[in-house]
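Listed below are the residues making up each chain.
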Amino acid sequence: MTFVTQPLTVAVLGPGGTGGLLAALLSRSGHRVICLAGEATAGTLRRTGITVRSPQFGDFTAAVDADTELREPVDACLITVKHTALGAALTRVPPAVLGDALAVPLLNGVEHPAALRARYHPDRVAPAVIRVESTRTAPGVIEHGSPFTEIDLAGDAVPRARLEALAAHLTACGTTARVAGDETAALWAKMAFLAPFALLTTRYGVPLGVARTRHRQELEALVAETAAVSRACGAPADPDLALARYDAFPPAAKSSMQRDAEAGRPLELDAIGGALLRAAERHGVPVPMTARLVRELRGSAH
């Protein structure tokens, strides 16, 4: 049983915008952090640590351990790679080494928990949702822009005490972390917000402020469609609340998918748009606007 007084050993697979921020916060709070990355990035992190620039947490540098593969027991492994890199990245975390530790994916989409449960102990996979705007500008350099860092931990089969302990540690290091009651609801709440935001801003190459005004009808249609799919999957959804959240967001906000498109990186289109279409098809929910935008984005990606 882990108590909040005891420091953890936490592996972070993919120390980018999200993983790098959490690694630095945990290290600053006295936990041992092992970042798992490629040889060059691991070497940089061992030498320089992780530097965070943040209006919420201040500017600081935290030392971390780094390796190309997990070679020792840990309490938890935060999986913070992009969905497009998940398959290759998981080779850095051998199941026999991870053992009884929590595997905590903070990924976009709703299909990754099943893949992780096929590889690791199913009752130790604890899918999490994070709300944050954080970008890696160089190896070991993190720009954190949002005035909040909120984490919902889930995992219907995971021992509740393990989730509560991890949430307490994450809250103690500065985030707002809680244990969500229902895994499906937690994942779909993120998906229902993210999918319209990502698809619309990326399709038109505009920030949210422009998307929610110039393309309002499309946004409303996307929100209605994702809410319908979410409800069909057993997760409550409120389209009016979603629209109110978009309207309250800073107008310059960009989705991570849009940032990937601008940087020429692979898009998480299948994990977000593709997964939404597959769920819609399974439940017989018509999603013409989503289908159109996904089709157009797939066309422009080639």
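All residue numbers refer to position in the chain's written sequence, counted from 1. pLDDT decides what is reported in this predicted model: residues at 70 or higher carry local features, side-chain atom pairs at 80 or more are listed and counted, and totals for whole chains, interfaces and linings draw on all residues regardless. The basis for every side-chain value is the complete set of heavy atoms in the structure, and neither hydrogens nor water enter the calculation.

Caption draft 1: Expanded view of the packing of aromatic side chains. We call Phe, Tyr and Trp rings a pair once their centres come within 6.5 Å, taking the six-membered ring for Trp, and we label the pair stacked below 30 degrees between planes, edge-to-face above 60, and tilted otherwise. Following the criterion strictly, the structure yields four aromatic pairs and no others. Taking 5.5 Å as the distance between ring centres and 50° as the angle between the ring planes, the aromatic pair formed by Phe193 and Phe249 counts as tilted. Taken together, the residues Phe193 in helix 7 (residues 183–204) and Phe249 in the loop between helix 10 (239–248) and helix 11 (256–263) connect sequence positions 56 residues apart. Only protein chains enter the area calculation, which uses a 1.4 Å probe; residues under 20% of their type maximum are buried, those over 50% are exposed, and those in between are partly exposed. On the accessibility criterion, Phe249 (22% relative accessible area) is partly exposed. When the centroid spacing of 6.2 Å and the interplanar angle of 70° are considered together, the rings of Phe197 and Phe249 count as edge-to-face. Here the residue Phe197 occupies a position in helix 7, and Phe249 occupies one in the loop between helix 10 and helix 11, the gap between them amounting to 52 residues. Here a strand is any run of E in DSSP of at least two residues, a helix any run of H or I of at least four, and the numbering for each starts at the N terminus.

Caption draft 2: Main features of the nonpolar core. Within the largest apolar cluster, 39 residues are counted, with the highest numbers of intra-cluster contacts made by Cys35, Ile50, Leu78, Val104, Leu106, Ile151 and Leu153. At six residues, the largest contribution of residues to this core is made by helix 1 (residues 17–28). Setting aside residues no more than four positions away along its own chain, Leu78 makes contact with Val10, Ala11, Val12, Leu13, Leu22, Leu26, Val104 and Leu106. Residue types Ala, Val, Leu, Ile, Met, Phe, Trp, Tyr and Cys, when buried and joined through side-chain atoms within 4.5 Å, form a set referred to as a nonpolar core. Listed in part, the 38 residues of the second largest apolar core include Val110, Met191, Leu194 and Leu219. By the convention used here, residues are in contact when the closest approach between their heavy atoms is within 4.5 Å.

Caption draft 3: Broad picture of the environment of Leu293. Among the secondary structure elements, Leu293 is positioned in helix 13 (residues 288–301). Judged by relative accessible area, Leu293 falls into the buried class, the value being 0%. On a C-alpha basis, the gap between Leu293 and Ser255 in space is 15 Å, while along the polypeptide they are 38 residues apart. The contacts of Leu293, once residues within four sequence positions are left out, are Leu199, Leu200, Arg203, Glu218 and Leu222.

Caption draft 4: Highlighting the environment of Ala138. Its location among the elements puts Ala138 in strand 9 (residues 134–138). Looking at Ala138, the relative accessible area reads 30%, which means it is partly exposed. Through-space distance from the C-alpha of Ala138 to that of Lys190 is 27 Å; in sequence the pair is 52 residues apart.

Caption draft 5: Quick peek at the sheet that holds strand 7 (residues 102–105). As summarised here, the arrangement of the five strands in space is 5-2-1-6-7, forming an open sheet in which the pairing is parallel. If you trace the sheet from one side to the other, it starts and ends with strand 5 (65–67) and strand 7, each paired once. Neighbouring strand axes in the sheet, compared pairwise and without regard to direction, differ in orientation by 20° on average. Alignment of strand 2 (residues 32–36) against strand 5, held across three bridges, turns out to be parallel. The partner of Ile34 across the bridge, within strand 5, is Asp65. Two strands pair if DSSP finds at least two bridges between them. For every element, the axis is a line fit to its C-alpha atoms; helices are fit only across the contacting stretch, and the angle between N-to-C directions ranges from 0 to 180 degrees.

Caption draft 6: Structural context of the pattern of salt bridges. One speaks of a salt bridge when a side-chain nitrogen belonging to Lys or Arg is within 4 Å of a carboxyl oxygen belonging to Asp or Glu. Under the criterion given, the structure shown has 25 salt bridges. Arg124 is the partner of Asp123 in a salt bridge, and the nearest nitrogen-oxygen pair spans 3.5 Å.

Caption draft 7: Spotlight on helix 5 (residues 112–119). By the burial criterion, the buried members of helix 5 are His112, Pro113 and Leu116. Burial along helix 5 is one-sided: seen end-on, the buried residues are contained in an arc of 100°. For helix 5, exposure combined with an orientation more than 90 degrees from the buried face picks out Ala114 and Ala118. Buried residues in helix 5 make contact with strand 6 (76–79), helix 3 (86–89), strand 7 and helix 7. Arc definition: it is the arc formed by the directions from the helix axis to the C-beta atoms.

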